[in-house]
Amino acid sequence: MIPQRYPLKLLFTGAVILTTIVLAVVISSRAVTSAQGGASDWQTIAAERGLTDADMRAAAMTYTPSGVMDEYVMFASAGQGGQVLAIGMPSMRLLRLIAVFTPESWQGYGYGAGHEVLEQGFIDGQEILWGDSHHPALSETNGEYDGNWLFIGDKANGRVAVIDLRDFETKQIVHNPAFLNDHGGTFVTPNTEYIVEGGQYGLPLGGEYAPISDYESAYSGMITFWRFNSEIGRIDYDQSFAMELPPYWQDLCDAGKGISEGWVFCNSFNTEMATGGIESGNPPFEAGASRGAVDYLHIINLDAAEEVFLNGGAVDINGFNVIPLETVIANNLLYLAPEPRSPHGADVTPGGEFVVVGGKLDPHVSIYSFQRIQDAIAAGPTETDVFGIPVLSFESVLEAQVEVGLGPLHTVFDNQGYAYTSLFLDSAVARWSIGAEGYRPQDGWTLINRTPVQYNVGHLAAAEGDTASPDGRYLVALNKWSVDRFLSTGPLLPQNLQLIDISQPGDFTQVLYDMPITGAEPHYAQIIRADKLHAWEVYPEVGWNPLTQSVDPNAVTQGTEGVTRDGNNVTVRMTAVRSHMTPEHIEIQEGDHVTWTITNVERARDATHGLAIPFYNINLSIEPGESITFEFDAIRPGVFSFYCTEFCSALHLEMMGYMMVQPR
Amino acid sequence: MTTSSISTSNSASVESSASEASARRMTRLSQVFLLTAAVLLLVSISQPYWGLILHAPQYPGGLQMRVFVNQMTGDADPRLDEVREIDTLNHYIGMKSLYDAAQLEQAIAIPAVILMAGALVVAAVLWQRRLIWLLTLPALGFSFIFLADLAFWMTYYGQNLDPEAPLSSAIHPFTPPILGEGVIGQFRTVAYVDTGWFIVTAGAGLIAVTLVVRLLRNRASKG
């Protein structure tokens, strides 16, 4: 037995060595092959990743190499995040978050700075520190985006904000104290004379109380026309006015343009004046508001309304100029036209000839002719609604209807004479031809194709799509649900913004890119050519106050820094430059009221500094040239290490100082 | 005889008037040269004499410094104030502020240039006098005086770094090149003479030509 052991052991050892060699050869050859594959040409990579020709086409249309700029910028609302997003297209790169209604610590908005703007949006002293931003609108000149200003409405509290596109910062928030919600805003008139903010849910005016049983008599709808002063970039509150509307739940509005300039159109969806009350056995709103066969398109003569307002036709409701409904009717400021029940959207074609209303619960889009509306008004409407508002007959104003699919909501336009309507229930986008002169009379009013999108599409946005001359090329579907489009990050899912190629005529359209959006539900977006935007690289001069867009007389220059005291009032004057703040020791006493000015004296692009003071809830973003003044009470003694929150330089961590608060 | 003597005297006067005419032409040309040099000198002060570009990854277009006889600027857009940016960076290595450099030179530059140009005008008028050597000398040497002064300041700044500066352990005193490439930290520097320097040097060339012409004429007339 013993002599046999050695050959066995030899055999065993040999087998192990042989196996190792074979394995080594196989693995190394595999490794070499895969290394070659990984480093090989794009065709191999595409094949390995399973990308089709269509995928590669989409990649070629969207891939934007480092340092190459996008052609378009999309401004998308950020819903209940209360913000606005600036997104580059076609790369779909997120370029900027703009804080509007909600404090945001990266921009230092509401944490030492920005309070002046946020406080404008407080209602009767009530702090409101969020918003449901819905519909962004770019300022226009002659019906074209001019790239100067951006407006956004807050559905929850009925407010409108003004953003300056030189620094992408919010400058103003206004609120019509006669009403408390909106939806049909913001939309601008062709020269941004007015920013239109349509209300949504009927309410007693002026924040009053009235029982729901008095809905028909005590509740109203509202549309506000905010007068915009382009010179100073601010809404002129006193020159603004509102119109009382019937409590029909006005929804989305659009301003006329071209031949319909001076008119405004809104759809509505509760002409039933349902009051809900599911808990009492009443039909819930979703059923009650959908019961009737028709709702009403609101046709508003804004030019005439302005004249009535200027001639003293408005009354004061809670400090705001409101034209009462009886004055509206007496002066023929409002006409109604039936719409298929519970519609959505009222979108004016680029030339202003037609208004397109999506059926929502009806598979058609209904196209109203402005000329027919004018003819019907001239002929004299024979019917009125229960409030005595003239109703134009459906047949007299309807130009065409196109059956597009289930759940048609919003419509946008391109440069080829096509319109695009989102189909919420079908999760698709319908392309249909506008069969009128100036569009595609050769195709007539017909459905061209449907592009599936993922999923539950709400608004659409097309490149320069709301202007008098849309660019076409790109369309974005703002999908409410993303379901299975992205890796799971728990039960709360992102929205899905899908970029769609609409550059080719006929039935070819292609989804190019999916962009998840978190922190927000983008309701609507507008897309502007990037070369129309002229944002500053740094603030024009050192010591700049972004609220006044001028040099702040209180700004600090180098060599004049210091801490001074006047009784219990302490003034800190500080400069910031890489990589230090001057002064670095702030010696104060418990109970002092501190007024602190910090000026970033940098001139280099991107040399932003932050200033965080622990415990005191302060964090600023001080961009190159900017000067910020903030105040607080030194209520707690101790030593507080303040520091720069923007990684500004190699010695960023050293950019700090101590605030010493001596106990009394 | 009479005729011939007349003719001889005539031919002599013709010769002498011919050489006088050529001398007058030369004089006029020299005067034009000197006045042109004066104009070039005055024009040059509107242009940068010297420039420096600092290249680093985080400054895609580079940082620019332009030196005029009486000021320093950065980018074409003065609001960006790139000299301040260079200054900000320099403080890390303990270099003194560029705004403190050559203050005397910058202050007297404009009057000095006007004086030099005036001296050239006077030299053009007093073309025959020996004084012109003295009058033209400053303008003749100005472009080199400028570079020499620049070299002095560059050396002084490069050699006198604050030893307490944040990066003093990494960047030791150095002499930056006044022409050509250098390296400081992550920056590659390119220094060059600029439009103003070329203009004033062209003027100096004109002055040099007139002086050589004059020297040769003097030699010829002596010979």
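Residues numbered from 1 in each chain as written. Chains lettered and ligands numbered in written order. Predicted model: local features only at pLDDT ≥ 70, side-chain atom pairs only at ≥ 80, totals over all residues. Heavy atoms only, no water.

As for the overall build of chain B
At step 1: A count of helical and extended segments in chain B gives five helices and five strands.
At step 2: Ordered by position in the sequence, the α and β elements of chain B form the string α-β-β-β-α-α-α-β-β-α.
At step 3: Relative to the globule expectation of 17 Å for 223 residues, the C-alpha radius of gyration of chain B, 25 Å, shows a markedly less compact shape.
At step 4: On the principal axes, the C-alpha backbone points of chain B span a range of 100 × 30 × 30 Å.
At step 5: Taking all 223 residues of chain B together, the buried fraction comes to 39%.
At step 6: When contacts within chain B are restricted to residue pairs at least 6 apart in sequence, those whose partners lie at least 24 apart make up 65%. (Helix = DSSP H or I, 4+ residues; strand = E, 2+ residues; numbered from the N terminus. Rg over C-alpha atoms; globule rule 2.2 N^0.38 Å. Buried < 20%, exposed > 50% of the residue type's maximum accessible area, 1.4 Å probe, protein only. Contact = heavy atoms within 4.5 Å.)

Considerations on the domain arrangement of chain A
It is common to give the size of an interface as the accessible area lost on bringing the parts into contact.
Residue and element names in this part refer to chain A.
At step 1: Taken as a whole, chain A is organised into domain 1 (72-532) and domain 2 (544-662).
At step 2: Just the C-alpha atoms count here: the centres of domain 1 and domain 2 sit 42 Å apart.
At step 3: Listed as interface residues are 15 residues of domain 1 and, on the opposing side, 13 residues of domain 2.
At step 4: Carbon and sulfur atoms make up 44% of the area that domain 1 and domain 2 hide from each other, which totals about 1,000 Å².
At step 5: For the domain 1 face of the interface with domain 2, the top three residues by lost area are Tyr111, Gly112 and Glu169, together amounting to 37%.
At step 6: Where domain 1 meets domain 2, there are zero salt bridges.
At step 7: In this structure, the connection of domain 1 to domain 2 is made through six residue pairs in polar contact (both at pLDDT 80 or more). (Domains from an automatic or database assignment. Buried area = accessible area lost by both parts, 1.4 Å probe. Salt bridge = Lys/Arg side-chain N within 4 Å of Asp/Glu carboxyl O. Polar contact = N/O pair within 3.5 Å; in protein donor to acceptor, adjacent residues only side chain to side chain.)

Topic: the sheet that holds strand S1 (residues 72-77) of chain A
Residues and elements named next belong to chain A.
At step 1: What the four strands build is an open sheet, ordered S3-S2-S1-S32; its pairing is antiparallel. Both outer strands of the open sheet, strand S3 (93-99) and strand S32 (525-529), are each paired with one neighbouring strand and no more. When strand polarity is set aside, the average angle formed by the axes of neighbouring strands in this sheet is 20°.
At step 2: Summarising the sheet, strand S2 (residues 83-89) and S3 pair through six bridges and their orientation is antiparallel. Of the residues in S3, the one forming a bridge with Ile87 is Leu94. (Pairing = 2+ DSSP bridges. Axes fitted to C-alpha atoms, helices over the stretch in contact; angles between N-to-C directions.)

Overview of the pattern of salt bridges
Residue and element names in this part refer to chain A.
At step 1: Enumeration according to the criterion identifies 19 salt bridges over all chains in this entry.
At step 2: Note that Arg664 is salt-bridged to Asp592, the shortest N-O span being 3.4 Å. A residue pair is termed long-range when its members are at least 10 positions apart, and Arg664 in the segment after strand S44 (656-662) and Asp592 in the loop between strand S38 (585-589) and strand S39 (593-600) qualify at 72 residues.
At step 3: Taken together, the shared-partner salt bridges connect Arg565, Asp592 and Arg664 into one network.

As for the state of the cysteines
All names here are of chain A.
At step 1: With the rule as written, the count across this model stands at one disulfide over all chains.
At step 2: Of the cysteine sulfurs around Cys644, a residue in no disulfide, the closest is that of Cys648, at 4.0 Å.
At step 3: Assessed through its relative accessible area of 0%, Cys644 is described here as buried.
At step 4: Cys648 sits in the buried class, given a relative accessible area of 17%. (Disulfide = S-S within 2.5 Å.)

Some details on the sheet that holds strand S9 (residues 194-198) of chain A
All names here are of chain A.
At step 1: The sheet built from six strands is open, its strands ordered S8-S9-S10-S11-S16-S15 with mixed pairing. Two strands in the sheet have a free side with no partner beyond their single neighbour: strand S8 (184-188) and strand S15 (315-317). Averaged over neighbouring strand pairs, the angle between their axes works out to 30° when direction is ignored.
At step 2: Both S9 and strand S10 (residues 221-229) contribute to a ladder of five bridges, which runs antiparallel. Across the sheet, Ile195 pairs through a bridge with Trp226, a residue of S10.
At step 3: Helix H7 (residues 302-310) contacts S9, S10, strand S11 (234-245) and strand S16 (320-323) of the sheet and is inclined by roughly 105° relative to S11.

What to know about the layout of surface pockets
Over the atoms rolls a probe the size of a water molecule, and its path tells where empty space is left.
All names here are of chain A.
At step 1: Its boundaries defined by the atoms lining it, the second largest pocket holds a volume of some 1,400 Å³.
At step 2: Leu95, Arg96, Ala535, Trp536 and Arg605 are, among the 31 residues lining the second largest pocket, the residues nearest its centre.
At step 3: Elements that contribute at least two residues to the lining of the second largest pocket include exactly S1, S2 and S3.
At step 4: Of all the elements, S3 adds the most residues to the lining of the second largest pocket, at three residues. (1 Å grid on protein atoms, 1.4 Å probe; cavity = no way out; pocket = protein on both sides within 12 Å on 5 of 7 lines; lining within 4 Å. Points joined across faces, edges and corners; volume = space filled by probe spheres on them.)

A short note on the nonpolar core
All names here are of chain B.
At step 1: Membership of the largest hydrophobic core comes to 53 residues, with the highest contact counts inside it found for Leu41, Tyr49, Trp50, Met65, Leu120 and Phe142.
At step 2: For this core, the secondary structure elements donating two or more residues are helix H1 (2-44), strand S1 (50-56), strand S2 (59-67), helix H2 (82-93), helix H3 (103-125), helix H4 (131-159), strand S5 (187-193) and helix H5 (195-222).
At step 3: Take this core: its biggest share by element is 10 residues, from H4.
At step 4: Leu41 has contacts with Val113, Met116, Ala117, Leu120, Ala139, Phe142 and Val200, leaving out every residue within four places of it along the chain. (Core = buried A, V, L, I, M, F, W, Y, C linked by side-chain atoms within 4.5 Å.)

Some points on the interface of chain A and chain B
At step 1: Contact residues are listed per partner, giving 14 residues for chain A and 11 residues for chain B.
At step 2: Among the residues chain A hides against chain B, the three largest losses belong to Arg578(A), Arg603(A) and Leu651(A). Together they make up 51% of the total.
At step 3: Here chain A and chain B share one salt bridge between them.
At step 4: Here Arg578(A) ties to Glu85(B) by a salt bridge, and the two come within 2.4 Å at their closest N and O atoms.
At step 5: Here chain A is connected to chain B by six residue pairs in polar contact (both at pLDDT 80 or more).
At step 6: For the side of chain A that touches chain B, the class distribution of residues is six nonpolar, four polar and four charged. (Nonpolar A, V, L, I, M, F, W, Y, C, P; charged D, E, K, R; others polar.)

Re a nonpolar patch on the surface
At step 1: A contiguous nonpolar surface patch, about 250 Å² in accessible area, is contributed by Leu35(B), Val121(B) and Val125(B).
At step 2: Along the chain, the position of Val125(B) falls in helix H3. (Patch = residues over 30% accessible without salt bridge, like charges linked within 9 Å, V, L, I, M, F, W, Y side chains within 5 Å. Areas by Shrake-Rupley, 256 points an atom, 1.4 Å probe, with all protein chains shown as cover.)

As for the side chain of His523(A)
All names here are of chain A.
At step 1: Tracing the backbone through its elements, the reader meets His523 in the loop between strand S31 (510-517) and S32.
At step 2: In this structure the side chain of His523 is engaged in a polar contact, spanning 3.3 Å, whose partner is the side chain of His134.
At step 3: Setting aside its immediate chain neighbours within four residues, His523 contacts Ser77, Gly79, Asp132, Ser133, His134, His459, Leu478 and Lys480.

Observations regarding the confidence of the model for chain B
At step 1: On average, residues of chain B score 87 in pLDDT, and 92% of them are at 70 or above.
At step 2: For the stretch residues 1-9 of chain B, pLDDT sits under 50, and the model shows one contact to residues farther than four places along the chain or on other chains. (pLDDT = per-residue confidence, 0-100.)

Some remarks on H4(B)
At step 1: Its 29 residues place the ends of H4(B) 41 Å apart at the C-alpha level, agreeing with the 42 Å of an ideal helix rising 1.5 Å per residue.
At step 2: At Phe142(B), H4(B) is deflected by roughly 55°, the largest bend along its length. (Expected span 1.5 Å × (residues − 1). Bend = angle between axes of the 7 residues up to and from the residue.)

Quick notes on unusual backbone geometry
Leave glycine aside and you will find that most residues have negative phi; peptide bonds, for their part, are mostly trans.
All names here are of chain A.
At step 1: For the bond running from Met89 to Pro90, omega is 15°, close enough to zero to count as cis.
At step 2: Along the polypeptide, Pro90 turns up in the loop between S2 and S3.
At step 3: Cis geometry is adopted by the peptide bond preceding Tyr455, which originates at Gln454 and carries an omega value of -15°.
At step 4: Following the sequence through the fold, Tyr455 ends up in the loop between strand S27 (447-452) and strand S28 (457-462).
At step 5: A positive phi is found at Lys360, a non-glycine position, where the angle reads about 55°.

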